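# Residue-level structural notes
Letter by letter, the chains look like this.
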Amino acid sequence: LGALGNLATAEDNCKVILAAGAVTLVMQTIDTWPDVPRVQHFACLALSNFAHDDANKVAIGQAGGNQKIIAAMKRHADHAGVQEQACGALANLGVHQQNMTEIAQLGGIELVVHCLEKFPSEPGVQENGCFALSKFLTLPNETYRQRMKVAGAEAALEGVKAGNPSFDVKICCNVLLRRLAEETKAQAPRAAPPSGNGAGPQPGMAPKPGPATGMGMAGMASWFGVGGQHSGPAPAVQSAAAAQHQAAAAYAQQQAAY
């Protein structure tokens, strides 16, 4: 699984791997060893890197990828590696609206917030968790924003900031906190609450639904409107130095905008 995930970062390799039926094989592996965190870790990484374009994202979602990633997060809540790669996979898959809706319905918003609460000082969780949360605010959606707030996202993000994160993660936290603190301007259409064992609607709130193709801060910078459009599969190393420096420079130039 690790080899497939790493090889899939190259577009040509990804096409060959997917044509050979890799998605089905990864799904079968997830089901065969659900209690082995190392398997779940690399399975989530592979699915994240397979999500190279919209067609692949949809295919993975339709094959049950979103459900299996969420299940891995629940089953291995105490494993930072699984949480890191699962958050990255949700962020990559969730850029497609169909996947985002399903992820939210499965309680993905609350799970990402909770993993940031649990691992506020883990660099990989910091980066991918913030990246995943950003996907839920890509489009104006008051229900997602309110669910993040009720789940404790603001406190979780403050915890990440206190955990000595990278410059890029700190900027991301600041932007997310500002978005969460904004006054409500318009109510988004209401949808179904999370299903299964995910977090349900909070008391006093109506049922709510419940993320960029790349991983890491370069993709996050793109979402925030900084720099050019990021495309291509997610790198196996989630935060390459070059991407961080590029995003950091772009953020520094754009801080005044936020």
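What comes next is a walk through the structure.

Attention now goes to the packing of helix 5 (residues 54–62) against helix 8 (residues 97–105). One can describe the packing of helix 5 onto helix 8 by two numbers: an axis separation of 9 Å at closest approach and a directional angle of 35°. Once helix 5 is placed against helix 8, the crossing between them reads as left-handed. Across the interface between the two elements, Lys57, Val58, Gly61 and Gln62 of helix 5 pack against Gln98, Asn99 and Glu102 of helix 8. Considering only residue class, the contact of helix 5 with helix 8 consists of one nonpolar, four polar and two charged.

Moving on: the packing of helix 9 (residues 108–118) against helix 10 (residues 123–136). For the pair helix 9 and helix 10, interaxial distance at closest approach is 10 Å and the crossing angle is 150°. By the criterion of interaxial angle, the relationship of helix 9 to helix 10 is roughly antiparallel. At the point where helix 9 passes helix 10, the crossing takes the left-handed sense. Residues Gly108, Ile109, Val112, Val113, Cys115 and Leu116 of helix 9 form the contact with helix 10, whose participating residues are Val125, Gln126, Gly129, Cys130, Ala132, Leu133 and Phe136. Its residues placed into classes, the contact of helix 9 with helix 10 shows ten nonpolar, three polar and no charged.

Moving on: the packing of aromatic side chains. Under the defined criterion, the tally for this structure stands at one aromatic pair. A ring pair is formed by Phe136 and Tyr144, whose centres lie 5.7 Å apart and whose planes are at 90°; its orientation type is edge-to-face. Of the two residues examined, Phe136 and Tyr144, each falls in the buried class.

Turning to the nonpolar core, a few remarks are in order. Ranked by internal contacts, the top residues of the largest apolar core, which has 59 residues, are Phe50 and Leu157. Per element, the largest residue contribution to this core is eight residues, and it comes from helix 7 (residues 80–93). Apart from the residues within four sequence positions on either side, Leu157 is in contact with Leu116, Cys130, Leu133, Cys173, Leu176, Leu177 and Leu180.

Take the pattern of salt bridges next. Here the structure, examined in full by the defined rule, presents seven salt bridges. A salt bridge links Glu11 to Lys15, with the shortest nitrogen-to-oxygen separation between them at 3.7 Å. Of the two residues, Glu11 and Lys15 are both situated in helix 2 (residues 11–19); the distance of four residues between them amounts to about one turn of the helix. A residue is classified by how much of its surface remains accessible, and Glu11, at 38% relative accessible area, is partly exposed. Of the residues examined, Lys15 reaches a relative accessible area of 52% and is grouped as exposed. The shortest N-O distance in the salt bridge between Glu154 and Lys149 comes to 3.3 Å. Owing to a relative accessible area of 26%, Lys149 belongs among the partly exposed residues under this scheme.

Reading the values: the criteria
- Residues numbered from 1 in each chain as written.
- Predicted model: local features only at pLDDT ≥ 70, side-chain atom pairs only at ≥ 80, totals over all residues.
- Heavy atoms only, no water.
- Axes fitted to C-alpha atoms, helices over the stretch in contact; angles between N-to-C directions.
- Helix = DSSP H or I, 4+ residues; strand = E, 2+ residues; numbered from the N terminus.
- Left-handed = near helix turned anticlockwise from the far one by under 90°.
- Contact = heavy atoms within 4.5 Å.
- Nonpolar A, V, L, I, M, F, W, Y, C, P; charged D, E, K, R; others polar.
- Parallel < 35°, antiparallel > 145°, perpendicular 65-115°, else oblique.
- Phe/Tyr/Trp six-rings, centres within 6.5 Å; stacked < 30°, edge-to-face > 60°.
- Buried < 20%, exposed > 50% of the residue type's maximum accessible area, 1.4 Å probe, protein only.
- Core = buried A, V, L, I, M, F, W, Y, C linked by side-chain atoms within 4.5 Å.
- Salt bridge = Lys/Arg side-chain N within 4 Å of Asp/Glu carboxyl O.

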